[in-house]
Amino acid sequence: MNNFAYVKAGSLAEAIKALSTKGAWLHAGGTDLLGCARNEILPVEKVVSITSLKQLKGIAAQPDGSIKIGALTSPAEIAASKAVAAKYAALAQAAAAVGTPQIREQGTIGGNVCQRPRCWYFRNSDIQCLKKGGTMCYAVTGENQYHAIFGGGPCFFVHPSDIAVALTALQAQISIAGPTGNKAVKIENFFISPKKNVAKENMLLPGEIVTDIRIPPVSGTTKSSFRKIAARGSWDSALVSVAVALEIETDGARSVRIALGGVGPYPWRVEAAEKMIVGKKLDSTVAAAAAEAAVSGAMPLRDNAYKLDMIRGAIEESLMAFI
Ligand SMILES: Cc1cc2nc3c(=O)[nH]c(=O)nc-3n(C[C@H](O)[C@H](O)[C@H](O)COP(=O)(O)OP(=O)(O)OC[C@H]3O[C@@H](n4cnc5c(N)ncnc54)[C@H](O)[C@@H]3O)c2cc1C
């Protein structure tokens, strides 16, 4: 592991300044960053810790009915929060599905959303894949059972965050502070395609920090859920996950958002499936039609077409559980 400088920022401004130099990386819980540094898959020259910035911690209900979650809030705190569970069940369930108890305690929501891909070619320090400046994505012809079936190319990693999938269904907004000031972006605009920039997964610029995540208010008739299919019960990334947020009245579904995890370079919204549901009374026929629509447009690689049935099953199960 290379030596690096360590800065413990005493303020947001100090962190932004320290992060604005080349080779500087933000350290929140460190559960992902330090693994990447140890395996020398990132050029880490300086680690900037923001852990002492208390204003980035905690969950707070806002006067307009939305909720604000500080970037340093742990998945464990989110999973245990009554305020989150009451209105945003999908988020509570996704936070509870993250890794192990230790990861859920030590990690943070900001780090979870910004964590680097788990692609085994990217994580292998002996392999110079496309994402690390090489010339090819080895998943194209290699071991691609865990790779993208939507939105892939030229690189086929899948986004590893469970929490981001729930946040996408719940229309979250990401607050960012940086050298040029503060801004807020919809979560769908936060992530970027490998077609746009193969080296990055989100739109953060040097020195920019996620400060909090806000989720808009939901109506009393909105229900949400998160389901994850993984090879092992814990400590495992999603093969497929599904988050659904559904506003449902007695006469039918008013609105729905469905996001998939484990299948694309960012939480993958399946609008074709959503269209099958809106305005209809939810039953097994509608759920099956939505599940089928969700996989239209998928482009599996040699070894990952099994994800199609997982998507169908997880969507049907999620929708039928709301009836
Ligand atoms: C064994 C294991 C199992 C796991 N299983 C799962 C799982 O099942 N589901 C899942 O979703 N995740 C899983 N993870 C990933 C884990 O959830 C993340 O490592 C963790 O949430 C990252 O949070 P952190 O605060 O430790 O981030 P750090 O390691 O501190 O940072 C991660 C990355 O995000 C950047 N970053 C962190 N915070 C910010 C911020 N506020 N603004 C801008 N950039 C930031 C860092 O610079 C770094 O690049 C697993 C990890 C491990 C090691």
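Since this is a predicted model, take the numbers as computed values, not measurements. (Residues numbered from 1 in each chain as written. Predicted model: local features only at pLDDT ≥ 70, side-chain atom pairs only at ≥ 80, totals over all residues. Heavy atoms only, no water.)

1. Section: the domain arrangement of the protein
- One can read the domain layout of the protein as domain 1 (54-114 + 159-215) and domain 2 (222-320).
- One C-alpha centre belongs to domain 1, the other to domain 2; they are set 21 Å apart.
- Each side of the interface is counted separately: domain 1 has 22 residues, and domain 2 has 21 residues.
- Carbon and sulfur atoms make up 62% of the surface buried where domain 1 meets domain 2, a total of about 1,700 Å² over both sides. (Domains from an automatic or database assignment. Contact = heavy atoms within 4.5 Å. Buried area = accessible area lost by both parts, 1.4 Å probe.)

2. Notes on a nonpolar patch on the surface
- Taken together, the side chains of Trp120, Tyr146 and Tyr306 present a nonpolar region at the surface, about 280 Å² in accessible area.
- In this structure, Trp120 sits in the loop between α7 (109-114) and α8 (162-169).
- The exposure class of Trp120 is partly exposed, given its relative accessible area of 36%. (Patch = residues over 30% accessible without salt bridge, like charges linked within 9 Å, V, L, I, M, F, W, Y side chains within 5 Å. Areas by Shrake-Rupley, 256 points an atom, 1.4 Å probe, with all protein chains shown as cover. Salt bridge = Lys/Arg side-chain N within 4 Å of Asp/Glu carboxyl O. Helix = DSSP H or I, 4+ residues; strand = E, 2+ residues; numbered from the N terminus. Buried < 20%, exposed > 50% of the residue type's maximum accessible area, 1.4 Å probe, protein only.)

3. Details of the packing of helix α5 (residues 89-96) against α8
- Two elements in contact, α5 and α8, have axes separated by 8 Å at closest approach and are oriented at 175°. Classified by the angle their axes make, α5 and α8 are roughly antiparallel. Of the residues in α8, those in contact with Ala90, Leu91, Ala94 and Ala95 of α5 are Asp162, Ile163, Ala166 and Leu167.
- Of the residues contributing to the contact of α5 with α8, the split by class is seven nonpolar, no polar and one charged. (Axes fitted to C-alpha atoms, helices over the stretch in contact; angles between N-to-C directions. Parallel < 35°, antiparallel > 145°, perpendicular 65-115°, else oblique. Nonpolar A, V, L, I, M, F, W, Y, C, P; charged D, E, K, R; others polar.)

4. Overview of the pattern of salt bridges
- Applying the stated criterion across every chain, the model contains 16 salt bridges.
- Across the pair Arg116 and Glu201 runs a salt bridge whose closest N-O atoms are separated by 2.7 Å. With Arg116 in the loop between α7 and α8 and Glu201 in the loop between α9 (187-190) and β8 (209-215), this residue pair connects regions lying 85 residues apart in the sequence.
- When its relative accessible area of 11% is taken as the criterion, Arg116 is described as buried.
- Among the salt bridges present, the one from Arg214 reaches Asp212, with a minimum N-O distance of 3.0 Å.
- Here the salt bridges share partners, and the residues they tie into one network are Glu188, Arg257, Arg269 and Glu274.

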